[in-house]
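Listed here are the chains, written in short residue letters.
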Amino acid sequence: MIAWTMDAADLDLRNATYRLFVTLGRAPSAWETATVTGRSEAGVREGWRRLHDAHGLVLDGGEIRMANPFAAQPTPFRVEAAGRSWFANCGWDAFGIGAALHVDSTIYTDCADCHQPLEIHVHGGRPDSEDLVFHVLVPAHAWWNDIGYT
Amino acid sequence: MLLFRSEDHVTNWLAGRPDGATINVAKLAELANAWWGNRLAPDWRPRTREESQSILDELGLTGSFWTLG
């Protein structure tokens with residue numbers, strides 16, 4: 001992991017993209033982000049590419065795939081918080097949505113082994129089902145080698 | 001980075017593949033709070049590797065598996 005840097009303009013774009021993700025309950029399009037930020041759509045896409053390279057968000061085919069902890073596409077980790085619903089990229093990110101919003105949340109997922117549905121309520125940053133476990137297969141030094149797999 | 005009902009279910013899911021690391025969800029929640037808590041802050045800045053490693057270290061997630069690249 002490298003100490004990535006972003007200039008002020010790209011940080012502004014990153015923050016606006018995240019705000020839209022929260023407000024919309026889904027990933028914003030480049031056009032929506034351009035409208036809000038006063039940039040051109042091409043300018044947004046160029047900025048997103050720089051942010052992708054700096055691990056500020058993750059693109060797929062030029063569209064947002066992840067603004068961690070939020071996922072752009074449906075995943076097995078759905079999170080309800082603050083009256084809205086988002087998908088998270090993984091179990092860690094599922095807990096991250098409530099943490100990022102600083103609100104209680106409910107995580108809907110299933111056991112990756114037996115697929116029994118799991119509903120985890122997180123109050124004050126603590127889960128109500130402490131008997132569950134979280135497994136990480138990829139060692140930390142390799143997390144960004146293939147962030148989708150990780 | 002998946003959730004399981006128990007460590008037995010992790011073992012079953014691995015089916016003999018090399019293991020990674022398992023923590024309980026209480027520890028995961030602590031990790032998520034520390035890792036993602038400022039994600040939406042207006043003054044958010046990318047963390048350095050050292051800052052990220054400190055979060056893991058302070059939660060006792062140490063050793064080669066938890067050492068960032």
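As a convention, each chain's residues are numbered from 1 in the sequence order in which they are written. As they are written, the chains are lettered A onward and the ligands numbered 1 onward, keeping that order. At least 70 in pLDDT is required for a residue's local features to be given in this predicted model, at least 80 for side-chain atom pairs to be given and counted, and no such filter applies to totals for whole chains, interfaces and linings, which use all residues.

Considerations on the domain arrangement of chain A
All names here are of chain A. With domains assigned, chain A is organised as domain 1 (8-67) and domain 2 (68-150). Domain delimitation follows an automatic or database domain assignment. Placing a centre on the C-alpha atoms of domain 1 and another on those of domain 2 gives a separation of 22 Å. By the convention adopted here, residues are in contact when the distance between their C-beta atoms, placed from the backbone, does not exceed 7 Å. Across the contact, nine residues belong to domain 1 and 10 residues belong to domain 2. Each helix is a run of H or I in the DSSP string that is no shorter than four residues. Each strand is a run of E no shorter than two, and both are numbered from the N terminus. It is strand β2 (residues 63-67) that provides the largest number of residues to the side of domain 1 that touches domain 2, a total of four residues. Note on residue categories: nonpolar means Ala, Val, Leu, Ile, Met, Phe, Trp, Tyr, Cys or Pro, charged means Asp, Glu, Lys or Arg, and polar means any other residue, Gly included. The residue makeup of the side of domain 1 that touches domain 2, split by class, is six nonpolar, two polar and one charged.

A short note on the pairing of β2 of chain A
All names here are of chain A. Bridge analysis of strand β1 (residues 58-60) against β2 gives three bridges, and the strand direction is antiparallel. The partner of V58 across the bridge, within β2, is M66. Two strands pair if DSSP finds at least two bridges between them. Taking the residues between adjacent antiparallel strands as the criterion, β1 and β2 are bridged by two residues, where G61 takes a positive phi near 65 degrees. Summarising the sheet, β2 and strand β3 (residues 70-71) pair through two bridges and their orientation is antiparallel. Opposite M66, over in β3, you have A71 as the bridge partner. Hairpin connection of β2 to β3: two residues between the antiparallel strands.

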